[in-house]
Amino acid sequence: MMQNLEQFERFTYGIFRIFKYWHKIAAVEMSRIGLSGAHLTYLLALRANEGGLTASSLCRICAKDKSDVSRALNTMTHLRFVEKVCAKDRCYGSAFMLTESGRAVADGIRAKVDLAVEHASRNLSEVQKESFYEVLDLISGNMADLCETGI
């Protein structure tokens, strides 16, 4: 029982520290282009999906709620990093795509993300990195199950 509590504390504090530093780095880098750290994941998701993504898809991919995605898309559209591609006479449910300047910004962010990941994992072997991400996926999946079924 005590071991579970210690593991919980270690896990929780570790995740919170990583999250804190991630947000701090993202906020500094994104503020240079007039965005917040929260916009980073949306730009990267849109860059990885050249055909564009609907707001619902961004919610699912980035694990964010609809209001957050909507605000972010409005901001990025206003700054002309993103555009909505309407189908014929209907815009509801249409995809959002990066503009040319949005792709350039996202590419710059990708380069910085590569550097950040390289730095964060600099003392890890490839086997350790693969194991870490495998375990992270398992834990997040188990936590998702727990959210749906309850404790």
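Residues numbered from 1 in each chain as written. Predicted model: local features only at pLDDT ≥ 70, side-chain atom pairs only at ≥ 80, totals over all residues. Heavy atoms only, no water.

Novice: Break down the overall build of the chain for me, citing the residues and quoting the values.
Specialist: A count of helical and extended segments in the chain gives six helices and two strands. C-alpha atoms of the chain, sized along the principal axes, occupy 60 × 35 × 25 Å. Residues classed as buried in the chain amount to 24% of the 151 residues present. Contacts in the chain between residues far apart in sequence, at least 24 positions, make up 47% of those at least 6 positions apart. (Helix = DSSP H or I, 4+ residues; strand = E, 2+ residues; numbered from the N terminus. Buried < 20%, exposed > 50% of the residue type's maximum accessible area, 1.4 Å probe, protein only. Contact = heavy atoms within 4.5 Å.)

Novice: Which residues make up the nonpolar core, and what are the values?
Specialist: Counting residues in hydrophobic clusters, the biggest one holds 23 residues, and the most contacted among them are Tyr42, Leu43, Leu46, Leu58, Leu73, Met76 and Val82. Elements with a minimum of two residues in this core: helix H1 (2-31), helix H2 (39-48), helix H3 (55-62), helix H4 (66-78), strand S2 (90-98) and helix H5 (100-120). It is H2 that provides the largest number of residues to this core, a total of five residues. Those residues within four positions of leucine 73 in sequence are excluded, and the remaining contacts are Ala55, Leu58, Val82 and Phe96. (Core = buried A, V, L, I, M, F, W, Y, C linked by side-chain atoms within 4.5 Å.)

Novice: Please set out the packing of H2 against H4 residue by residue, giving values where relevant.
Specialist: The contact between H2 and H4 brings their axes to 10 Å, and the two run at 75 degrees. As far as their axial angle goes, H4 and H2 are roughly perpendicular. Where H2 abuts H4, its residues His39, Tyr42 and Leu43 lie against Asp68, Val69, Ala72, Thr75 and Met76. In terms of residue class, the contact of H2 with H4 is made up of five nonpolar, two polar and one charged. (Axes fitted to C-alpha atoms, helices over the stretch in contact; angles between N-to-C directions. Parallel < 35°, antiparallel > 145°, perpendicular 65-115°, else oblique. Nonpolar A, V, L, I, M, F, W, Y, C, P; charged D, E, K, R; others polar.)

Novice: Now, about the layout of surface pockets: what can you tell me, with residues and values included?
Specialist: Within this model, the largest pocket holds a volume of roughly 1800 Å³. Lining the largest pocket are 40 residues, with Ile18, Phe19, Trp22, Thr41 and Val117 positioned closest to its centre. Mapped onto the lining of the largest pocket, the elements with two or more residues apiece are H1, H2, H5 and helix H6 (126-149). Per-element tally for the lining of the largest pocket: the top contributor is H1, with twelve residues. Residues belonging to the lining of the largest pocket are distributed by class as follows: 28 nonpolar, six polar and six charged. (1 Å grid on protein atoms, 1.4 Å probe; cavity = no way out; pocket = protein on both sides within 12 Å on 5 of 7 lines; lining within 4 Å. Points joined across faces, edges and corners; volume = space filled by probe spheres on them.)

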